[in-house]
Amino acid sequence: PSHRDDYAAEEEVYVSGKRLVWSCGQRVVKAFTLPAPVLQALWCPFQEDTGSAGDASPSAHGTAKWLCVLTCRELLAVSGSGEMHVVALPFRAVRLWE
């Protein structure tokens, strides 16, 4: 569950062909159409450095949850705030895990 907007709600990802909709409760967080069909979509927690340069203490790290979306030629990472990064793959992907 997520605690967006001060209430607990399940986050869902709906995929149909090239279309992906990320929702939380009854609110759409992000919806988009990709150039190729979505092969997989999964939540990826990334540990991020929140401290000053050179601070290696565990308290200087936070966790950011991103939605990672795989197509045959790209890997997209989408944050809850809508920030999106696209990585072109040098091969034709089939899946991220077995």
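Everything that follows concerns the structure shown earlier in this document.
## Comments concerning the sheet that holds strand β3 (residues 27–33)
1) Next: Taking strand neighbours across the sheet as the criterion, the three strands line up as β1-β2-β3 in an open arrangement whose pairing is antiparallel. Here the strands that pair on one side only, and so sit at the sheet edges, are β1 (11–16) and β3. Pairwise comparison of adjacent strand axes, ignoring direction, gives a mean angle of 10° for this sheet.
2) Next: The pairing of strand β2 (residues 19–24) with β3 spans six bridges and is antiparallel. Bridging from a neighbouring strand, Ser 23 pairs with Val 28 of β3.

## Notes on the nonpolar core
1) Next: Counting residues in hydrophobic clusters, the biggest one holds 12 residues: Ala 9, Leu 20, Trp 22, Cys 24, Val 29, Phe 32, Leu 34, Val 38, Leu 67, Val 69, Leu 76 and Val 78.
2) Next: Once residues within four sequence positions are removed from consideration, Val 69 is found in contact with Leu 20, Leu 34, Val 38, Gln 40, Ala 41, Glu 74, Leu 75 and Leu 76.

## Thoughts on the side chain of Ser 79
1) Next: With respect to the helices and strands, Ser 79 occurs in the loop between β6 (74–78) and β7 (84–88).
2) Next: In contact with Ser 79, other than residues within four places in its own chain, are Trp 22 and Trp 66.

## Re the packing of aromatic side chains
1) Next: One pass over the full model with this rule turns up one aromatic pair.
2) Next: Relative to Trp 43, the ring of Trp 22 has its centre 5.0 Å away and its plane inclined at 65°; by these criteria the two rings are edge-to-face. Taken together, the positions of Trp 22 in strand β2 and Trp 43 in strand β4 (residues 40–49) put the pair 21 residues apart, joining distant regions of the chain.
3) Next: Given the relative accessible area of 0%, Trp 22 is considered buried.

## Digging into the side chain of Glu 11
1) Next: Mapped onto the secondary structure, Glu 11 falls in strand β1.
2) Next: Polar side-chain contacts of Glu 11 include one of 2.8 Å to the side chain of Trp 22.
3) Next: In terms of polar contacts, Glu 11 uses its side chain to reach the side chain of Lys 65, at 2.9 Å.

## A word on the sheet that holds β6
1) Next: Pairing is antiparallel across the open sheet formed by four strands, whose spatial order is β4-β5-β6-β7. Bordering the open sheet on either side are β4 and β7, each of which pairs with just one other strand. Across the sheet, the mean angle separating the axes of adjacent strands is 25° when strand polarity is ignored.
2) Next: Strand direction decides the pairing type here: β6 and β7, joined by five bridges, are antiparallel. Pairing of Glu 74 across the sheet is with Ala 88, part of β7.

## Focus: the environment of Trp 97
1) Next: Here Trp 97 shows up in the segment after β7.
2) Next: Between the C-alpha atom of Trp 97 and that of Gln 40, which follows or precedes it by 57 residues, the distance is 9.3 Å.
3) Next: Filtering out sequence-adjacent residues up to four positions away, Trp 97 remains in contact with Gln 40 and Leu 42.

Calculation notes
Along each chain, residues carry numbers from 1 onward, in the same order as the chain's sequence is written. For this predicted model, a pLDDT threshold of at least 70 governs which residues receive local features, and a threshold of 80 or more governs which side-chain atom pairs are given and counted, while totals over whole chains, interfaces and linings are taken from all residues. Processing note: side-chain calculations cover all non-hydrogen atoms of the structure and skip hydrogens and water entirely. At least two DSSP bridges between two strands are needed for those strands to be called paired. Numbered from the N terminus, helices here are DSSP runs of H or I no shorter than four residues, and strands are runs of E no shorter than two. Axis geometry follows a simple rule: fit a line to the C-alpha atoms, using only the stretch in contact for helices, then measure angles between N-to-C directions, giving values from 0 to 180 degrees. Note on terminology: a nonpolar core comprises buried Ala, Val, Leu, Ile, Met, Phe, Trp, Tyr and Cys residues joined through side-chain atoms within 4.5 Å. Note on classification: 1.4 Å probe, protein chains only; a residue is buried when its accessible area is under 20% of the maximum for its type, exposed when over 50%, partly exposed between these limits. Working rule for contacts: check all heavy atoms of both residues, and any pair within 4.5 Å makes them a contact. In this analysis, rings of Phe, Tyr and Trp, with Trp reduced to its six-membered ring, are considered paired at centre separations within 6.5 Å, and the interplanar angle assigns stacked below 30 degrees, edge-to-face beyond 60, and tilted for intermediate values. Any pair of nitrogen or oxygen atoms within 3.5 Å is treated as a polar contact; in protein, a donor-acceptor pairing is required on top of that, and neighbouring residues in sequence qualify only through side-chain atoms on both sides.

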